[in-house]
Amino acid sequence: MAKVNDTLYTVTARADASGTVTLSLPAGAVSDALGNLSAASTSTDGTVTYVSPLTVAPTSVTVTEGDLGSSYTVSSTLPATAPILVAATVGTPAWATVDPSTASVPTTGGSVSLVVTAVDDAETNGTRQTSVTHTVTSTDQNFDGLVLAPVDLTVLDDDVVD
């Protein structure tokens with residue numbers, strides 16, 4: 001929060017994922033140099049809808065043991081001042097791998113593809129559900145820590161019961 005003048009302040013809020021941010025200030029939350037407490041905020045524009053510049057598509061992937069795998073894309077609609085790194089992690093147990101495990105989204109905007117491949121074992125373990133989660137890091141503070149949706153992952157078995 002920054003003071004603009006004696007009656008106006010600017011509030012900066014950071015959103016980590018798409019959604020609605022509602023700002024309000026209760027009575028007494030701010031005081032001036034003389035100790036006078038503020039009234040409750042009455043602004044009519046205290047709600048902002050934020051849309052993350054990072055998206056994942058599709059949000060559901062199916063892979064089969066022994067196959068080449070399936071891909072999904074992480075995209076940015078805005079340019080960045082520094083590399084945007086997306087680390088992908090498959091849930092435990094890790095029935096699949098993601099390549100690359102850390103992808104770099106172009107700083108000019110655009111997208112990067114990640115390939116999910118099932119771990120081909122000799123066990124008959126049927127269809128399994130898990131997910132791929134993401135951690136976003138960047139020295140560009142507009143991107144660092146943004147939340148990406150997980151990719152729901154279905155792993156199909158290629159082994160049959162004897």
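Residues numbered from 1 in each chain as written. Predicted model: local features only at pLDDT ≥ 70, side-chain atom pairs only at ≥ 80, totals over all residues. Heavy atoms only, no water.

Engineer: Explanation requested: the overall build of the protein in the structure shown.
Structural biologist: When helices and strands are counted, the protein shows zero helices and 13 strands. Traced from its N-terminal end to its C-terminal end, the protein shows the element sequence β-β-β-β-β-β-β-β-β-β-β-β-β. Projecting the C-alpha coordinates of the protein onto the three principal axes gives extents of approximately 80 × 35 × 25 Å. For the protein, the residues scored as buried account for 27% of the 162 residues in total. Here the contacts in the protein between residues at least 6 apart in sequence split such that 62% fall between residues at least 24 apart. Here the protein has roughly 9,700 Å² of accessible surface; of this, 55% comes from carbon and sulfur atoms. (Helix = DSSP H or I, 4+ residues; strand = E, 2+ residues; numbered from the N terminus. Buried < 20%, exposed > 50% of the residue type's maximum accessible area, 1.4 Å probe, protein only. Contact = heavy atoms within 4.5 Å. Areas by Shrake-Rupley, 256 points an atom, 1.4 Å probe, with all protein chains shown as cover.)

Engineer: Mind showing me how you'd approach the environment of Leu-37 here?
Structural biologist: Within the secondary structure, Leu-37 sits in the loop between strand E3 (19-22) and strand E4 (47-50). Residue Leu-37 is classed as exposed on the basis of its relative accessible area, which comes to 61%. Counting along the chain gives 10 residues from Leu-37 to Ala-27, while the straight-line C-alpha distance between them is 7.3 Å. Beyond its immediate sequence surroundings of up to four residues, Leu-37 is in contact with Gly-28, Val-30 and Ser-31.

Engineer: Explain the sheet that holds strand E9 (residues 96-99) to me, please; I cannot follow it from the model alone.
Structural biologist: To summarise the sheet geometry, strands pair through backbone hydrogen bonds and adopt either a parallel or an antiparallel arrangement. The strand order across the open sheet built from four strands is E5-E7-E11-E9, with neighbouring strands paired in antiparallel fashion. The open sheet has two edge strands, strand E5 (54-57) and E9, and neither has a second partner. The sheet shows a mean angle of 25° between the axes of neighbouring strands, direction not considered. One ladder, built from seven bridges, connects strand E7 (residues 70-76) with strand E11 (residues 110-118); its direction is antiparallel. The partner of Ser-76 across the bridge, within E11, is Gly-110. (Pairing = 2+ DSSP bridges. Axes fitted to C-alpha atoms, helices over the stretch in contact; angles between N-to-C directions.)

Engineer: Any chance you could explain the pattern of salt bridges here in plain terms?
Structural biologist: Here the idea is simple: oppositely charged side chains can pair when their charged atoms come close. Across all of its chains, the model carries one salt bridge by this definition. Between Glu-65 and Arg-128 there is a salt bridge, with its nearest N and O atoms 2.7 Å apart. Note that Glu-65 is positioned in the loop between strand E6 (60-64) and E7 and Arg-128 in strand E12 (residues 128-137), a separation of 63 residues in sequence. For Glu-65, a relative accessible area of 2% puts it in the buried group. (Salt bridge = Lys/Arg side-chain N within 4 Å of Asp/Glu carboxyl O.)

Engineer: Can you walk me through the sheet that holds E12 in this structure?
Structural biologist: Pairing in this open sheet of five strands is mixed, and the strands run E6-E13-E12-E8-E10 from one edge to the other. Each edge of the open sheet is held by one strand with a lone partner, namely E6 and strand E10 (102-105). Pairs of neighbouring strands in the sheet enclose a mean axial angle of 30°, with direction left out of account.

Engineer: I keep staring at the pairing of E9 and nothing clicks. Help me out?
Structural biologist: The two faces of the sheet receive side chains in turn, since in a regular strand these alternate between them. Going residue by residue along E9, you find Ala-96 and Val-98 tucked away on one face and Thr-97 and Asp-99 left uncovered on the opposite face. Pairing analysis gives four bridges linking E9 to E11, with the strands arranged antiparallel. By the bridge assignment, Val-98 is partnered in E11 with Val-116.

Engineer: Even after reading the chapter, I still don't get the side chain of Glu-65, so can you show me in this structure?
Structural biologist: A polar contact of 2.7 Å, which involves the side chain of Glu-65, links it to the side chain of Arg-128. Those residues in contact with Glu-65, other than ones at most four positions away along the chain, are Ala-118, Val-119, Asp-120, Asp-121, Asn-125, Arg-128, Leu-156, Asp-157, Asp-158 and Asp-159. (Polar contact = N/O pair within 3.5 Å; in protein donor to acceptor, adjacent residues only side chain to side chain.)

Engineer: How do you make sense of the nonpolar core when you look at a structure like this?
Structural biologist: Within the largest apolar cluster, 27 residues are counted, with the highest numbers of intra-cluster contacts made by Tyr-72, Val-74, Val-98, Leu-114, Val-132 and Leu-153. Those residues in contact with Val-132, other than ones at most four positions away along the chain, are Tyr-72, Ala-88, Thr-89, Val-90, Val-98, Pro-150, Val-151 and Leu-153. (Core = buried A, V, L, I, M, F, W, Y, C linked by side-chain atoms within 4.5 Å.)

Engineer: Looking at this structure, I do not really get a nonpolar patch on the surface. What am I missing?
Structural biologist: Judged by side-chain polarity, Met-1, Tyr-9 and Leu-25 come together as a nonpolar surface patch covering roughly 270 Å² of accessible area. Among the residues examined, Tyr-9 registers a relative accessible area of 31% and is labelled partly exposed. (Patch = residues over 30% accessible without salt bridge, like charges linked within 9 Å, V, L, I, M, F, W, Y side chains within 5 Å.)

Engineer: I'm lost on the side chain of Asp-140 in this one. Help?
Structural biologist: Looking at the secondary structure, you find Asp-140 in the loop between E12 and strand E13 (151-156). With relative accessibility at 5%, the residue Asp-140 sits in the buried group. Polar contacts involving the side chain of Asp-140 include one to the main-chain amide nitrogen of Thr-81, which spans 2.8 Å. Beyond its immediate chain neighbours, meaning those up to four positions away, Asp-140 contacts Ala-80, Thr-81 and Ala-82.

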